[in-house]
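Overview (structure and organization)
Below, each chain spelled out in residue letters.
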Amino acid sequence: MITIYVDNQAYQAKAGGNLLEAVLSLGLNLPYFCWHPAMGSVGACRQCAVTLYKDEQDTQGKIVMACMTPVKEGLRISLQDRQSRDFRARVIEWLMANHPHDCPVCDEGGECHLQDMTVMTAHDYRRYRFAKRTFANQDLGPFVNHELNRCIACYRCVRFYNDYAGARDFSVLGCHNTVYFGRSQSGPLESEFSGNLVEVCPTGVFTDKTLKEHYTRKWDLQTAPSICVHCGLGCNTIPGERYGTLRRVQARYHSQVNGYFLCDRGRYGYEFVNRPERPRTAMIRRDGQLAAASAEAALAAARELVGSARGLAGVGSPRASLESNFALRQLVGAENFYSGQAPWLDDCVREALRQLQIGPATPSLRQVEQCDAAVVLGEDVTNFAPMLDLAIRQAVRVEPMELARQLKIDLWLDGPVRELIQDRRGPLLIASPAATKLDEIARWTYRSGPAGVVRLALATARELDASLPVPDGLDEPTARLAKEVAAALAKAKSPLVVSGCGCGSVELIQAAGVLARALAKVNSAARLSLTVPDCNSLGLAMLGGKNFRQALEALRLGRADTAVVLESDLWDLAPTDAVESALAGKRLVVLDHLPGRTVQRADVLLPAGTFAEADGTLVNNEGRAQRFFQVFPPQGDIRQSWRWLGDLAGRNWPNLDAVLAELSSALPDLAPATGAAPQANFRIEGLKVARQSHRYSGRTAITADVTVHEPKPPDDPDTPLTFSMEGFDGIPPAALVPRFWSPGWNSQSALTRFQQEVNGPLRGGPAGVRLINPGSSGGTAVSAVSGESDQAGPQAGRLCYQKLLVVPAWHIYGSEAQSMQSPALAGRAPRPYLGLSPADAAQAGLQADQRITAQFDGQSLSLEARILPSLPRGLAVLGMLAGQPAVQLPAIIDPPPKGAP
Amino acid sequence: MLNETEKEEVARELERYPTRQAACIEALKIVQKRHGYVSDEHLAELAGLLGMTEDELDGVATFYSLIFRRPVGRHVILLCDSVSCYVMGYEDIYRHLRGGLGIEFGQTTADGRFTLLPAPCLGCCDRAPAMMIDDDLQLDLTGPKVDQILAQYQ
Ligand code: SF4
Ligand code: SF4
Ligand code: FES
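Residues numbered from 1 in each chain as written. Chains lettered and ligands numbered in written order. Predicted model: local features only at pLDDT ≥ 70, side-chain atom pairs only at ≥ 80, totals over all residues.

So, the confidence of the model for chain B
Residues with a pLDDT of 70 or more make up 100% of chain B, whose mean pLDDT is 95. For this predicted complex, the interface confidence reaches an ipTM of 0.92, while the overall pTM sits at 0.95. (pLDDT = per-residue confidence, 0-100.)

Describing the site of ligand 1
In the vicinity of ligand 1, the residues found are Cys151, Ile152, Ala153, Cys154, Tyr155, Arg156, Cys157, Phe181, Cys201, Pro202, Thr203 and Val205 of chain A. Grouping the amino acids of the shell around ligand 1 by side-chain chemistry returns ten nonpolar, one polar and one charged. (Near = placed C-beta within 6 Å. Nonpolar A, V, L, I, M, F, W, Y, C, P; charged D, E, K, R; others polar.)

Quick word on the domain arrangement of chain A
Residue and element names in this part refer to chain A. Each domain of chain A was delimited in the assignment, giving domain 1 (2-95), domain 2 (283-341 + 539-731), domain 3 (351-533) and domain 4 (799-893). Of note, the centres of domain 2 and domain 4, computed from C-alpha atoms alone, are 33 Å apart. With ten residues of domain 2 in contact, the opposing surface of domain 4 contributes eight residues. Residues of the side of domain 2 that touches domain 4, tallied by class, amount to six nonpolar, one polar and three charged. (Domains from an automatic or database assignment. Contact = placed C-beta atoms within 7 Å.)

Quick notes on the sheet that holds strand E26 (residues 616-619) of chain A
All names here are of chain A. Spatially, E26-E27-E30 is the arrangement adopted by the three strands of the open sheet, whose pairing is antiparallel. The open sheet has two edge strands with one neighbour each: E26 and strand E30 (769-770). Two strands pair when backbone bridges link them, and strand E27 (residues 624-628) and E30 are joined in this way by two bridges, in the antiparallel orientation. Following the sheet pairing, Ala625 is matched in E30 by Val769. (Pairing = 2+ DSSP bridges. Helix = DSSP H or I, 4+ residues; strand = E, 2+ residues; numbered from the N terminus.)

Side note on the site of ligand 2
In the neighbourhood of ligand 2, 13 residues make up the surrounding shell, with Cys228, Cys231, Cys235, Cys263 and Gly266 of chain A lying closest. Elements supplying a minimum of two residues to the shell around ligand 2: helix H7 (264-268) and helix H13 (386-395) of chain A.

Here we look at the interface of chain B and chain A
On the side of chain A, ten residues touch chain B, which itself brings nine residues to the contact. Across the side of chain B that touches chain A, the residue classes break down as one nonpolar, four polar and four charged.

Here we look at the pairing of strand E14 (residues 283-286) of chain A
Residue and element names in this part refer to chain A. Strand direction decides the pairing type here: E14 and strand E15 (residues 289-292), joined by four bridges, are antiparallel. Each residue of the ladder has a partner; that of Ile284, found in E15, is Ala291. Following E14, the chain reverses through two residues before pairing antiparallel with E15; Asp287 in that reversal takes a positive phi of roughly 50°.

Observations regarding the domain arrangement of chain B
Domain assignment breaks chain B into domain 1 (4-63) and domain 2 (75-151). With centres defined by C-alpha atoms, the gap from domain 1 of chain B to domain 2 of chain B works out at 29 Å.

Printed below as a string of structure tokens:
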């Protein structure tokens, strides 16, 4: 810490950063536009001007840009002096010259950084009397709206979209005072992170197109801290509700997890909550038909089914909370609790858990960004764990950034650093069946099925640790690649091994563990990151039920005659015949919020709350338990699953904490999950945290069409938050932050006020807690894994191509069931397809887009043929699309005959 | 579509630079030389040759005011509107051109003969007011002189 003087007052600041960061970290106000905490400084907008003095005697000073000025001991500046105040006022006046002043019709209004900065600089009178430049807007697809007249040319959008997220279908067009931020032609933005433009742009140029469909001002949204439910990474979110519908999702900063950003699946997948098709009423099957019933009647009917069961099978869910899954386990008994993860993925998740327990330690996304070498084994992270893609895109800059360090260029000086490193990238290997988007930044790509990738991983491990065996069947090119990769990994300061469940291969996850441990022997900073399919896959695995195959068996053999299914569609888990034969004559109690085949087959249907109407804990792929909170109270019959199940089990849990207490004593390994967020009795200044903003409008009139009396806010016994505008409105503990808002800072930029320092953790204690300490428990280290045969890959010339090995291909828009109910997202999903290598397609006489029927074990699928030039011969990929008949992968199939047209 | 000569010329430029993108300005000029401007189709084709996206190449093309992304007339008039020319009577010249051709800055005559554009400086302050037609500098302009000059460009 060093001392700096701001307007003659001494402050402690961190050395090494820039002055703007320091000033903001001190809680002082200084307007800015082009600087962004994740993207550093470029000094483009000139808004952050301050006066810098040589010493105490200097009365003149000179104007500098705070964002471009390194913080040094004894630095003396003024924010309040006339000179810099005037300068800032002029700058915003220029920036605003062409601005249309259309705040009342602008979606950004009320949470606009430009509005805030305009007020902060006291620019309140417009002197510019001339014609403004106007632009034609573009259709950028279903996610992001474009209204370019509002642009102030800060360049943040292109710096995020192109420089940070690596996309290339967007640019700056034109020059001088006619600068167009957009695409060469209209068309959907291709980046998986396009939605961040909405938050990155300080004006209303880029706004959330789905919000526009049901627009609400920030101040009228009821919000709560939440966790994204659309993949296994657990990004932190702020969903907002009004009148019982969810209106949008924003990023909730977490210093270790998602930082400032979200992927587009996470931001735009929310609309399933609003779907009219969603089960909303309790139902009981009468005379073969599902008919609406009261919640009490349905509960009684379910109780009767469970009570009279000769044997129970409870199927948990990787997309339901720890608490809901635990409640089910308590209802049916640990021995009758089964996983609702498709068995082939379930095997992978359990292996991933085992590897995480052995170690080496798994990195947070923030730590991934700081790794200087990485190997990705079998994963298409862009589609399976999207934000990991964004993190790896930062990681490949770390090694070349060393150059900047040697030249003593501050790393936050984005312009010079990018200029310096140009296209240099650190070592990255992508080993996967087909091409992935990250290939474009990879030093090496390796195309092969899982067994080939296993061989490459083990060969690399062997290069690092001579005590390991040489993998069988290692060919020369793979051996050479392994040597090169191993050398780069050994040289790295913080090398990373990424793998996971995406390939459906347990051996691959084990091999990733072997490689990471071999690496850790050379460098203890080595890390192992493993992806999992769903938002609570790991939590479900930690609860330790049996797998779904065993559930089907118990039902088929009649050991269970009643199944209680929690937020799962059984038809997604196993082939149709297997599910139907197991369920024949069985009784089914179903809790869900998604419509589906299991819901239709239910004997009793209990409508469950989505993440937005429920409280609970999710465990992400690092084993981090994070709490999500109800955004709005469930309507009608809808209840949180754990509450239905608690009532069914006669538990009478008074609140969520009671569930967690019971969970902690039943499963001590999971006890720390209780600490993911403060408990329900937590108060600040005697108050609960308000979910509604202090400007929430219409409180007394909102139900005036029904009653003139203002209703009492709904009770919330489960959390330290309240469904009201009355409550604590300051900075609560990190896990309870319902929105970023601070006096003078109405936009998301308010979040610097919530951070301990710029880019640091949020104030008020941690959010979430890690449940896994590597080396402390669990399995023994596997040191060798054998690469299986039946392998397609560069070395596989000796194989004959009578059969195809099919592995999964994941899609950010399409593979996840909940988000696929959101229209904006579903529109971008591919049609069901089988991807074939050109050679295999030619051999089978198949053309692109031709309809085919692929015969899997127990399931035939009608698909389109897609020809993927990157696929090695003998290997095929099946597009994983929510709702299509379940098949077990990897699978070996006959090359498909052409189907009926 | 680029013809064979254009493709060869682009290929020759590509050899002169360490990265393909670096040849992009020259490549745009090659297209413009023959067609007068760079159409969307040509832009897309060039982008492919240069290993750039259309968006990236369009960013370059639209940055340079002398790369035209819309059709222009047979002759392009660049009239200097910078300080020296302004002082020396640029406004009269502009008025004269407007009257004679019936077009404003950014427009092309109906017969496709002239496109009129402003230029921030032609580097001839000592002989202001100045303009440039195609590759020819025209200096010390007066109204009558402008008429004479225009007649030479059909
Ligand atoms: S569109 Fe937004 S982010 Fe991009 S330059 Fe304009 S104001 Fe800045
Ligand atoms: S990466 Fe996963 S958790 Fe994060 S926003 Fe996207 S879908 Fe949600
Ligand atoms: S924020 Fe410092 S110049 Fe833009």
